[in-house]
Amino acid sequence: MSEVAQRLKAVQDRIAKACERGKRDPSTVKLIAVSKLQSVELIREAYAAGQRDFGENYAQELRDKSAELADLKDIRWHAIGPLQSNKAKYIAKQAFAFHAVENLNVAQELSKRRSLPKLKLFIEVNVGGELTKSGVAPTEARGLYDEVRALPNLEVVGLMALPPLADDLNILRPYFRKLRAVAQQLGLKELSTGTTADFEVAIEEGATYVRIGTAIFGARES
Ligand SMILES: *Cc1c(COP(=O)(O)O)cnc(C)c1O
């Protein structure tokens with residue numbers, strides 16, 4: 001077994017245990033392997049071990065890797081980082097989902113450049129109210145949702161958040177709960193939240209997509 005395959009297995013085991021603790025049906029929690037700044041060789045190893053969903057932060061990197069890995073027909077690319085309108089075309093063409101919708105402009109650009117199947121979207125919510133983080137305020141989520149859901153070729157499926165970092169993970173529970181509450185108010189099912197640092201708590205609090213990089217691929221070269 002490759003090192004990546006072993007790490008992937010360890011992460012899957014931790015996800016299964018978190019599902020038990022949170023009384024969650026494991027089939028409702030999907031793992032996105034965040035491969036930003038990691039090599040295509042490592043992505044192939046994870047794919048060989050059965051992983052199909054991969055997350056990338058940078059539009060050009062997603063474009064280049066999806067071209068290099070075009071032989072992996074059923075791979076799904078998740079764009080998870082902030083996006084500028086002029087790079088939306090790469091995401092519109094190659095991605096399965098975009099997790100960081102925070103304004104109408106980018107959504108319009110994605111809509112214009114997408115053809116079917118619809119691109120799945122997550123509206124990013126700044127649950128911690130942090131100045132350094134992207135996303136709309138919880139109170140602005142409905143307004144943006146109503147504008148974006150009217151656009152063709154897109155399907156808003158949920159909300160995304162990157163809560164503050166904390167040594168004591170219990171401090172994070174209110175942020176995950178806030179995200180779930182806002183999604184419920186909007187009638188949205190999917191919650192994209194939880195990274196290497198906090199995915200188990202995120203699952204206990206309702207995450208349906210966890211985005212995990214370091215625990216699977218090791219530290220990133222930057
Ligand atoms: C990098 C990144 C992740 C993964 O972070 P790890 O700590 O490596 O698990 C998840 N979500 C977003 C938005 C990221 O940028």
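In every chain, residue numbers begin from 1 and rise along the written sequence. Local features in this predicted model are restricted to residues whose pLDDT is 70 or higher, and side-chain atom pairs enter the listing and the counts only when it is 80 or higher, whereas totals over whole chains, interfaces and linings include all residues. Note: side-chain values were computed over all heavy atoms of the structure, leaving out hydrogens and water.

A.B. asks: What is the right way to look at the side chain of R173 in this model?
C.D. replies: Secondary structure elements follow DSSP: runs of H or I no shorter than four residues count as helices, runs of E no shorter than two count as strands, and numbering proceeds from the N terminus. When you line up the elements, R173 lands in helix 7 (residues 173–186). Side-chain atoms alone can form a polar contact between residues adjacent in sequence; in general such a contact is a pair of N or O atoms within 3.5 Å, and within protein one must be able to donate a hydrogen while the other accepts it. Within the local environment of R173, its side chain forms a polar contact with the side chain of N170, the two groups lying 2.8 Å apart.

A.B. asks: When you look at the site of the ligand in this model, what are you seeing that I'm missing?
C.D. replies: Here a residue counts as near a molecule or strand whenever at least one of its heavy atoms sits within 4 Å of it. Neighbouring the ligand are the residues V34, K36, N57, I80, T195, T196, R211, I212, G213, T214 and R220. In the model, an oxygen atom of the ligand is placed 2.6 Å from a nitrogen or oxygen of the T214 side chain. Only the protein chains shown count as covering a residue, and every accessible area follows the Shrake-Rupley method with a 1.4 Å probe. Protein chains shield 87% of the accessible area of the ligand, which is 390 Å² for the free molecule. Here the nonpolar group is Ala, Val, Leu, Ile, Met, Phe, Trp, Tyr, Cys and Pro; Asp, Glu, Lys and Arg are the charged ones; every other residue, Gly included, is treated as polar. When the residues that make up the shell around the ligand are grouped by side-chain class, the tally is three nonpolar, five polar and three charged.

A.B. asks: I keep staring at the packing of aromatic side chains and nothing clicks. Help me out?
C.D. replies: Given two aromatic rings, their pairing is described by the distance between the two centres and the angle made by the two planes. Classification of ring pairs rests on two measures: the distance between centres of Phe, Tyr or Trp rings, Trp counted by its six-membered ring, which must be within 6.5 Å, and the angle between planes, read as stacked under 30 degrees, edge-to-face over 60 and tilted in between. All chains considered together, the criterion is met by two aromatic pairs. For the ring pair F54 and W77, a centre distance of 6.1 Å and an interplane angle of 45 degrees mean the geometry is tilted. One end of the pair, F54, is in strand 2 (residues 53–56); the other, W77, is in strand 3 (residues 76–79), and 23 residues separate them in sequence. Residue F54 is classed as buried on the basis of its relative accessible area of 0%. Accessibility expressed as a relative area gives 3% for W77, which makes it buried. Summarising the aromatic geometry, the rings of F122 and Y209 are spaced 5.5 Å apart at their centres and angled 85 degrees between planes, so their arrangement reads as edge-to-face. In this pair, F122 is assigned in strand 5 (residues 119–124) and Y209 in strand 8 (residues 209–212), connecting sequence segments 87 residues apart. A single burial state applies to F122 and to Y209, both of which are buried. For a lysine, the NZ atom is tested; for an arginine, the CZ atom; a charge sits over a ring if that atom is within 6 Å of the ring centre and within 35 degrees of the ring normal. Lying over the aromatic face of Y90, R63 brings its terminal NZ or CZ to 4.4 Å of the ring centre. For every residue, the accessible area obtained with a 1.4 Å probe (protein chains only) is divided by the maximum for its type, and the residue is called buried under 20%, exposed over 50%, and partly exposed between those limits.

A.B. asks: Just checking my understanding: could you explain the packing of helix 6 (residues 141–148) against helix 7 for this structure?
C.D. replies: Packed helices, taken two at a time, are described by the angle between their axes plus the distance between the axes. Contact geometry of helix 6 with helix 7 gives a least axis separation of 11 Å together with a crossing angle of 45 degrees. Compared by their axis directions, helix 6 and helix 7 come out oblique. Seen from above, helix 6 lies across helix 7 with right-handed handedness. From helix 6, A141, R142 and Y145 reach across to helix 7, where they touch V182, Q185 and L186. Grouping the amino acids of the contact of helix 6 with helix 7 by side-chain chemistry returns four nonpolar, one polar and one charged. Inter-axis angles, ranging from 0 to 180 degrees, are taken between N-to-C directions of lines fitted to C-alpha atoms, where helices are fitted over the stretch in contact. Each angle gets one of four labels, with under 35 degrees taken as roughly parallel, over 145 as roughly antiparallel, 65 to 115 as roughly perpendicular, and the rest as oblique. The hand of a helix crossing depends on one turn: near helix anticlockwise from the far one by less than a right angle means left-handed, and clockwise means right-handed. Contacts were defined at the residue level, with two residues in contact if any of their heavy atoms lie within 4.5 Å.

A.B. asks: I would appreciate a short explanation of the pairing of strand 3 in the present structure.
C.D. replies: Within a regular strand, side chains alternate between the sheet's two faces. Strands were regarded as paired on the criterion that DSSP finds at least two bridges between them. The pairing of strand 2 with strand 3 spans four bridges and is parallel. Residue pairing in the sheet places D53 in a bridge with R76 of strand 3. By convention, orient the strands away from the viewer: a clockwise path from the first strand over the helix to the second makes the crossover right-handed. Note that the unit made of strand 3, helix 4 (residues 88–94) and strand 4 (residues 97–101) has a crossover that is right-handed.

A.B. asks: For this particular structure, what's the right way to read the environment of T193?
C.D. replies: Tracing the sequence through the fold places T193 in the loop between strand 7 (190–192) and helix 8 (199–204). Ignoring any residue separated from it by four or fewer positions in sequence, one finds T193 in contact with A161, P163, F176, L179, A202, A207, Y209, V210 and R211.

A.B. asks: Would you mind showing me how to read the pattern of salt bridges here?
C.D. replies: Side chains carrying opposite charge are able to pair once their charged atoms draw close together. When a carboxyl oxygen of Asp or Glu lies within 4 Å of a side-chain nitrogen of Lys or Arg, that pair is called a salt bridge. In this structure the tally under the stated criterion is 20 salt bridges. Close ionic contact of R173 with E204 constitutes a salt bridge, the shortest N to O distance being 2.9 Å. Of this pair, R173 sits in helix 7 while E204 sits in helix 8, placing them 31 residues apart in sequence.

A.B. asks: I would appreciate a short explanation of the nonpolar core in the present structure.
C.D. replies: One broad trend across soluble globular proteins is that nonpolar side chains are buried collectively. Counting residues in hydrophobic clusters, the biggest one holds 66 residues, and the most contacted among them are F98 and L110. Examining the composition of this core, we find that six residues originate from one element, helix 1 (residues 3–21), more than from any other. Residues within four places of F98 in sequence aside, it is in contact with A79, G81, L83, I91, V106, L110, L119, K120, L121 and F122. In plain words, nonpolar cores are sets of buried Ala, Val, Leu, Ile, Met, Phe, Trp, Tyr and Cys residues tied together by side-chain atoms within 4.5 Å. Among the nonpolar cores identified, the runner-up in size contains six residues, and I32, A97, M160 and Y209 belong to it.

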